[in-house]
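The chain contents come next:
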Amino acid sequence: MRVHLPALDHGLMDPAPARYAIRIHGHLGATVLSAFPALVPQHHGADTVLTGLLDRSALYGVLAEVEALGLDLVEVRQLTPQRRSPEFGDSRSP
Amino acid sequence: MTVISAPAGSGKTSLLRAWAGRPGQPHRIAVVQVQRDQHDAQQFWLALLGAVRQACGPASRAEPPAATPGFDGRAMVDRVLSELADARDGITLVIDDLHELASPDALAQLTRLLVNLPPNVHAVLATRRDLPLRLQQLRLAGELAEIRAADLRFTERETRELLEASGIVLSEAGVALLHQRTEGWAAGLRLAAISLAGHPDPERFVTAFSGSDRTVAEYLIAEMLERQPDEIKDLLLRTSLLDRVNGELADLLTGRPGSERILLALEDANAFVVSLDPERTWFRYHHLFADLLRLELRRALPEDAPALHRRAAGWLTRHGQVADAIRHTQAAGDWPEAARLLADHSFSLTLDGQAQTVEALLRAFPRGALADDPELALVRAGRTLARGRLDEAAAHLAVAETYAETTPPDRQRRLRVGIASLKLALATRRGNLAGVIEQAELLASPVTGQSGQDIALDSDLRALALMHRGIAEAWSPGFPDAERHLQEGAALAREIGRPYVEVACLAQLGFASKTRPFATARRRCREAIALADRHGWGAEWMIAPALVTLAASMTWTGEFDEGERWLQRTERALQTDTGPGITLLLHMTSGMLQAGRRRHREALEEFSAAEHLGSQLERSHALASQVTGWLLATHARAGQPGQARALLAALDHERAGSGEVGNARAVINLAEGDPAGALGAVQDVLDGTAPVTGHVTVAEAHLLAGLAHRDLGDQRAANQAAERALALAEADRLVLPFAMTGSADLLEALPRHQTAHAALLADILDVLHGSSLAAQDQTASPPAEKLSPSELRVLRYLPTNLSRPEIARELSVSLNTVATQLRSIYAKLQVSDRSSAVQRARELRLLSAGPTR
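## Brief notes about the overall build of chain B
Here is step 1 of the chain: Looking only at helices and strands, one finds 45 helices and 8 strands in chain B.
Here is step 2 of the chain: In chain B, which comprises 853 residues, the share counted as buried stands at 47%.
Here is step 3 of the chain: A separation of at least 24 residues holds for 67% of the contacts in chain B among residues at least 6 apart in sequence.

In structure tokens, the structure reads:
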């Protein structure tokens, strides 16, 4: 699991929400997805990527839920407006 | 120590159970399973202590651990450590689901426990994630064993064994596929086994499973649920929202009977349902299992969830599980109803030691919701007050009062009673006596014609009101009802089963008995302390008043060593901040002790501290003039009469006119070489016109007069004064005034045959010459036969230098009579000579002329 958390420019906690992409191994079904109502799911290969706008508390809440449900966390990435990697152009619906 | 750290469903609990269940376990095992989302440190520790006591078996003497409104984590850890050490044989302490411990305090306390484990204890911790337990030392010393996810993963061989044990027939390839797909994850394998058992085509199942991209847990749970009869599926879904379930509750939620049978069968069939008690009446689902079921419930039966929460809440309320009921009401989204429930029960929850649970429940309300709700404001006031944030508490109380009208009429009385009770507590904390009396009177009216719950609530409040009122009155001059209120409070508390309040009342009663004969006060203090010890509260702050009063009592009678021991115990009990009042007592008593030992500098420090604390109380307290008087006197005795005069000049009129300060003036005069002035200073005390705290002040005044007379050359007057002081001191066997005033010379000049208090005189001189009185020998057996009153009279002359004829003359009896009585005395005391008789008589406290115990 690789975690790309944002670099802290001025050493202060940035409380404003940001867009995050959380990659889980496996396709999440309707039941488990209902645990993440604030996130939009997309399948990428054998993984599911959950994307959404989260502040820090919400982010850690999501991670706690991932832990509680025994899901296989692969990556947590903060998306900046410029950083749109080509993968995210692929929009196969679940 | 062993730590098992692995994600949900790795098989940690199964491992622990299998290991604990092995036959031939050499060690005793104490198991604690941390409750879901446990914020309450005390609840965690009580469960742990309970488990330890159960493991140690019936050999444990103490009562089961009782919760207290104020929790001392440090003392609790010490208690656990000592009980573990006492066990002597090996003990294994197992803590499962440690990641659910949401209280940072508890984690810190646990670290201390683990680092200080006695050598006979092995700890095993199971958790889903690594915790900040700072176990580096143990790791470096090689005393930490770790079992991680990789260790718990099933190998392919183990997978085959599991399947075979479940009677599942699968090809080698199938086993390999299953193993690969689940990656050896225990929960996945067991879920698969459930579906595979009795499946018509296991190979196809495994192939389909392996070919799916679905997450393992979701796929397998869906499969498992699909294969269950509707009845069971319904039960699992509907009861998933409970932390614990029993047959009755499940019937209520499913609307069908027979749930208990199903739950038992489920437990027998698979490991996702486990019973919580030996009788198998309560069950719990594996957390992962329950979480997924809960999600499925929300998805499949979305309208049903709130209703189910409500139904559960109703049942739980009726069965006294209030905190859980409130959680379910909140989960149903019924915020006003949850607020009502919390307001109704926060008080008793707090008294039951679930204060942190109350705070967690408060936090669960959405921000801004019900900001003007008076009942919720009251709960907030209670919590902030308990945390010592007095101004914040007052602000919340103000909100409660402002919006009190918005409460429905049938709840008005309860709200007003609650407000009055909190104002009472606030007034007590601030030392505002007038406020206390006002509120206590409001609450004093007896309860008639109300619901059972109202009466219970009111009884709780009344007991507390009596306690607060008694405390406030004990601390203020001119309120004789303190003892009565405290006794009423203790009796009521005993009746309604609130031992904490009972002990608190009795402890304060000990303090309030200061105007009583010492025997009464000591007895009350010892009773309170014994009761506290029985509950394991012997080092709690609320027993401090009894401890310090006992220390003071010992100091008064010259038992300085014993007094010092009780003072040390008081200090230990006052580790947490308890307000200026009791600390003041501690310093004052320490000052008395030091002054009795003639250590003026140390006494000065203590009296100054007491004086400073006294000034922080809103009103002048009962002992204020005593503290001031002694402070001034000690300055003079320490060679600082100027300082004493300066402080004297700064006193207000009332304080300056008290008997205690009058005595202090005399001390200053004596120090300045003005005996005539000293006589003038004590005149008001001696003729009874000056207000005094007690008769000890008058005794002191006589001694000071005696010293003055001696300085003026009037030996007869000096002797008379000494005799009067002895007379006042006789009933309680007071020694301290003589010690503090340095009256050794005065007493020695008093001819023995001119005093009716020879025995007391001898004791006092012993103390003044440096030997501390032996502590009362509690184990000394009393004489086989009691001494008659005339024998006691003779006995009291034994410590003097009087010969038998002289004693006979004093008592106006014949010499023969005295001889006979002495023979009888020696026989009863089982001694053969005069000095042994005196020694024995001292041990048995027979030399006092006061009321017998």
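## Some points on the overall build of chain A
Here is step 1 of the chain: Of the regular secondary structure elements, chain A holds 2 helices and 5 strands.
Here is step 2 of the chain: Each helix and strand of chain A, ordered N terminal to C terminal, gives the series β-β-α-β-β-α-β.
Here is step 3 of the chain: Relative to its full complement of 94 residues, chain A shows a buried share of 24%.
Here is step 4 of the chain: A separation of at least 24 residues holds for 72% of the contacts in chain A among residues at least 6 apart in sequence.

## A closer look at the environment of Asp533(B)
Here is step 1 of the chain: Looking at where Asp533(B) falls in the secondary structure, it is placed in helix H27 (residues 518–535).
Here is step 2 of the chain: Once the C-alpha coordinates of Asp533(B) and Ile543(B) are considered, the two residues, 10 residues apart in sequence, prove to be 9.5 Å apart.

## What to know about the sheet that holds strand S5 (residues 145–148) of chain B
All names here are of chain B.
Here is step 1 of the chain: An order of S2-S3-S4-S1-S5 is seen for the 5 strands of this open sheet, with the pairing classed as parallel. The sheet terminates laterally at strand S2 (28–33) and S5, the two strands that pair on one side only. When the angles between neighbouring strand axes are averaged without regard to direction, this sheet yields 15°.
Here is step 2 of the chain: Judged from the 4 bridges that link them, strand S1 (residues 2–5) and strand S4 (residues 121–127) form a sheet pairing that is parallel.

## Points about the interface of chain B and chain A
Here is step 1 of the chain: Taken together, the contact between chain B and chain A spans 19 residues of the former and 15 residues of the latter.
Here is step 2 of the chain: Sorting elements by how many residues they give to the side of chain B that touches chain A places helix H15 (residues 287–300) of chain B first, with 7 residues.
Here is step 3 of the chain: Here the residues of the side of chain B that touches chain A sort into 8 nonpolar, 2 polar and 9 charged.

## Here's the deal with the sheet that holds strand S8 (residues 282–285) of chain B
Residues and elements named next belong to chain B.
Here is step 1 of the chain: Read from one edge of the open sheet, 3 strands run S6-S8-S7, paired in antiparallel fashion. Of all strands in the sheet, those bounded by a partner on one side alone are strand S6 (245–246) and strand S7 (273–275).
Here is step 2 of the chain: Here S7 pairs with S8 via 3 bridges, running antiparallel. Counted as the bridge partner of Ser-275 is Phe-283 from S8.

## Structural notes on the nonpolar core
Nonpolar side chains in soluble globular proteins generally cluster together in the buried interior.
All names here are of chain B.
Here is step 1 of the chain: Core analysis: the largest hydrophobic core is formed by 264 residues, its most contacted members being Val-503, Ala-528, Ile-543, Leu-547 and Leu-704.
Here is step 2 of the chain: Looking at which element gives the most residues to this core, the answer is helix H26 (residues 499–512), with 10 residues.
Here is step 3 of the chain: Excluding residues within four positions of it along the chain, Val-503 makes contact with Ala-528, Leu-531, Ala-532, His-535, Trp-537, Met-542 and Ile-543.

## Notes on the packing of helix H16 (residues 304–318) of chain B against helix H17 (residues 322–331) of chain B
All names here are of chain B.
Here is step 1 of the chain: For the pair H16 and H17, interaxial distance at closest approach is 8 Å and the crossing angle is 165°. With respect to their mutual orientation, H16 and H17 come out roughly antiparallel. Along this stretch, H16 crosses H17, giving a crossing that reads as left-handed. Residues His-309, Ala-312, Ala-313, Leu-316 and Thr-317 of H16 form the contact with H17, whose participating residues are Val-322, Asp-324, Ala-325, His-328, Thr-329 and Ala-331.
Here is step 2 of the chain: Residue composition of the contact of H16 with H17, by class: 6 nonpolar, 4 polar and 1 charged.

## Focus on the pairing of strand S4 (residues 47–54) of chain A
Residue and element names in this part refer to chain A.
Here is step 1 of the chain: By the bridge criterion, 8 bridges tie strand S2 (residues 18–25) to S4 in an arrangement that is antiparallel. Bridge pairing in S4 places Ile-24 opposite Thr-48.
Here is step 2 of the chain: In terms of strand pairing, strand S3 (residues 40–44) meets S4 through 5 bridges, oriented antiparallel. Across the sheet, residue Gln-42 finds its bridge partner in S4, namely Val-49.

## As for helix H4 (residues 104–115) of chain B
Residues and elements named next belong to chain B.
Here is step 1 of the chain: End to end, H4 covers 17 Å across 12 residues, agreeing with the expected 16 Å (1.5 Å per residue, within 8%).
Here is step 2 of the chain: What H4 keeps buried is the set Ala-106, Leu-110, Leu-113 and Leu-114. The arc that holds the buried residues of H4, viewed along the axis, is 90°, so those residues lie on one side.
Here is step 3 of the chain: If you follow the buried residues of H4, they end up packed against helix H2 (41–55), helix H3 (73–86) and S4.

## Looking at the confidence of the model for chain A
Here is step 1 of the chain: The predicted model of chain A has a mean per-residue pLDDT of 78, with 69% of residues at 70 or higher.
Here is step 2 of the chain: Of the regions scoring below 50 in pLDDT, residues 88–94 of chain A engages in 6 contacts with residues more than four places distant in sequence or in other chains.

## A few points about the confidence of the model for chain B
All names here are of chain B.
Here is step 1 of the chain: For chain B, per-residue confidence averages 85 on the pLDDT scale, and 93% of positions sit at 70 or higher.
Here is step 2 of the chain: Every residue in residues 775–780 is under pLDDT 50, and counting partners more than four places away or in other chains gives 7 contacts.
Here is step 3 of the chain: Confidence metrics for the complex model read pTM 0.67 and ipTM 0.72.

## Some points on the environment of Asp745(B)
Here is step 1 of the chain: With respect to the helices and strands, Asp745(B) occurs in helix H40 (residues 744–748).
Here is step 2 of the chain: Along the backbone, Asp745(B) and Leu765(B) are 20 residues apart, and their C-alpha atoms lie at a distance of 9.4 Å.

## Points about unusual backbone geometry
Residue and element names in this part refer to chain B.
Here is step 1 of the chain: Within the chain, Asp-97 stands out as a residue other than glycine whose phi angle is a positive 60°.
Here is step 2 of the chain: Phi at Glu-183 takes a positive value of approximately 55°, unusual for a residue other than glycine.
Here is step 3 of the chain: Here Glu-183 lies in the loop between helix H8 (172–182) and helix H9 (186–196).
Here is step 4 of the chain: The exposure class of Glu-183 is partly exposed, given the 14 C-beta atoms found within 10 Å.

## Quick word on the packing of helix H13 (residues 247–254) of chain B against H16(B)
All names here are of chain B.
Here is step 1 of the chain: At a closest axis distance of 10 Å, the pairing of H13 and H16 adopts a crossing angle of 145°. Seen along the crossing, H13 lies across H16 with a hand that is right-handed. Contacts between H13 and H16 involve Leu-249, Leu-252 and Leu-253 on the former and, on the latter, Leu-308, Arg-311, Ala-312 and Trp-315.
Here is step 2 of the chain: The residue inventory of the contact of H13 with H16, partitioned by class, reads 6 nonpolar, no polar and 1 charged.

Thresholds applied
- Residues numbered from 1 in each chain as written.
- Chains lettered and ligands numbered in written order.
- Predicted model: local features only at pLDDT ≥ 70, side-chain atom pairs only at ≥ 80, totals over all residues.
- Helix = DSSP H or I, 4+ residues; strand = E, 2+ residues; numbered from the N terminus.
- Buried ≥ 20, exposed ≤ 12 C-beta atoms within 10 Å, placed from the backbone.
- Contact = placed C-beta atoms within 7 Å.
- Pairing = 2+ DSSP bridges.
- Axes fitted to C-alpha atoms, helices over the stretch in contact; angles between N-to-C directions.
- Nonpolar A, V, L, I, M, F, W, Y, C, P; charged D, E, K, R; others polar.
- Core = buried A, V, L, I, M, F, W, Y, C linked by C-beta atoms within 7 Å.
- Parallel < 35°, antiparallel > 145°, perpendicular 65-115°, else oblique.
- Left-handed = near helix turned anticlockwise from the far one by under 90°.
- Expected span 1.5 Å × (residues − 1).
- Arc of directions from axis to C-beta.
- pLDDT = per-residue confidence, 0-100.

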